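Given next are the chains, with one letter for each unit.
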Amino acid sequence: MKITGKKKKKIMVGDVAIGADSEISIQSMTNTLTHNIDATVKQIVKLTKAGAEIVRVAVPTRKDTSALKEIIKQVSVPIVADVHFHFDRAMEAIEAGADKLRLNPGNLRDRRKLKRVISAARSCNIPIRIGINAGSIRTANELKRKISREQLLKLIFKELDEYVSFFEKNRFENLVLSAKSPSVTETIDIYRELNRRYEYPLHLGLTHAGTISTGAIRSASAMSILLAEGIGDTIRVSLSGDPVEEVYVGREILSALGLRKFSVPELICCPTCGRCEVDLPKLAARIEARLRKVHKPIKVAIMGCIVNGPGEAADADIALIAGKECGFIYIDGKRVERIKPQQFLDTLMRYIRNYQKKNDR
Ligand code: SF4
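Keep in mind the model is a prediction, meaning the values are calculated, not measured.

1. Concerning the nonpolar core
The biggest cluster of nonpolar side chains holds 80 residues, and the ones touching the most others in it are L68 and L101. The biggest single contributor to this core is helix α6 (residues 149-169), with 9 residues. L101 has contacts with V80, A81, V83, A90, A93, I94, V117, I126, P127, I128 and R129, leaving out every residue within four places of it along the chain. M303, C326, Y351 and Y355 belong to the second-largest nonpolar core, a separate cluster that totals 32 residues.

Encoded structure:
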């Protein structure tokens with residue numbers, strides 16, 4: 001399903017389209033030291049396998065931009081160089097073959113230098129994301145704490161309008177925009193206004209969303225509302241932790257909203273109750289880890305008791321009803337095997353592999 005919001009310009013990041021009728025893409029960002037080429041490439045490959053379609057890397061030093069060329073050579077996803085405010089890094093990243101730049105022009109004060117970055121990006125036909133954060137607008141921090149949300153939004157848009165017109169005056173419209181905040185409600189207000197004002201595609205996300213659990217909830221709360229209104233062309237769930245989790249959360253948000261269908265399993269687990277006699281959360285975590293290596297749209301259910309489990313798992317392709325002494329495998333709602341607890345994991349995975357094979361034929 002494509003929820004239609006305001007139509008945006010189409011921007012290409014390498015071979016991935018953002019905006020217009022393109023699918024909403026999933027982005028993530030590495031947290032390795034970029035100049036550690038092996039570690040960075042390894043993480044990008046992991047992110048790509050998890051489903052990241054665009055990956056951003058920070059390039060704070062010359063060592064990082066020097067590593068960029070080799071990194072780009074070794075990976076298959078488009079790479080965004082986060083230069084934030086550094087002129088030299090921006091020029092070096094373009095030279096190294098970055099597929100997109102992310103910069104905060106507010107921090108690149110010298111407009112002559114900004115013009116040179118724009119001109120270099122235009123020559124290489126690479127887009128630039130103007131990414132400002134509520135925390136980085138040019139106002140004293142004490143004042144920011146005192147002003148109302150309406151006033152803060154006015155400041156954000158005053159600043160963004162200035163940047164966008166500067167780029168446009170310099171004949172550059174290959175833009176993606178973002179204006180992030182750590183607050184869910186502020187993010188919703190900001191992005192609704194971004195959507196109303198600009199035809200450039202929007203990179204959706206919260207800044208500093210939080211740890212894996214709180215960050216996932218905050219990101220899903222803000223993004224779901226906006227995406228359901230058709231706002232947002234590419235997403236990044238910012239989490240403190242392994243960035244691969246960002247990709248899984250992003251994917252879950254898009255599939256839960258019916259915006260994208262991924263060739264990955266869907267895992268359903270019962271919440272457990274007084275009837276459950278096994279450590280279901282532990283079992284589910286182990287199964288989830290195994291399922292991350294499966295690339296088929298298969299619905300798997302793990303239930304904690306025979307009383308309600310089979311009924312609640314009725315629409316799953318494969319279900320494991322786990323009990324203390326034994327468990328049962330169900331395929332398409334029919335019981336097919338009784339198994340011992342020590343067989344739960346391997347037997348379930350065997351059925352999943354066979355189910356895949358059968359459906360591939
Ligand atoms: S499936 Fe059984 S154990 Fe799980 S929540 Fe339902 S009744 Fe409780």
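2. Brief notes about the pattern of salt bridges
Counting across every chain of the model gives 21 salt bridges. The partner of R236 in a salt bridge is E246, with the nearest N and O atoms 2.9 Å apart. Of the two residues, R236 sits in strand β10 (residues 234-236) while E246 sits in helix α9 (residues 243-256), which places them 10 residues apart along the sequence. Overall, the relative accessible area of 12% leaves R236 in the buried class. Take E246: its relative accessible area is 2%, and that puts it in the buried class. Note that K299 and D315 form a salt bridge whose closest N and O atoms lie 3.0 Å from each other. Here D315 lies in the loop between α11 (309-312) and β13 (318-322) and K299 lies in strand β12 (residues 299-303), a separation of 16 residues in the sequence.

Definitions and limits used
- Residues numbered from 1 in each chain as written.
- Predicted model: local features only at pLDDT ≥ 70, side-chain atom pairs only at ≥ 80, totals over all residues.
- Heavy atoms only, no water.
- Core = buried A, V, L, I, M, F, W, Y, C linked by side-chain atoms within 4.5 Å.
- Buried < 20%, exposed > 50% of the residue type's maximum accessible area, 1.4 Å probe, protein only.
- Helix = DSSP H or I, 4+ residues; strand = E, 2+ residues; numbered from the N terminus.
- Contact = heavy atoms within 4.5 Å.
- Salt bridge = Lys/Arg side-chain N within 4 Å of Asp/Glu carboxyl O.

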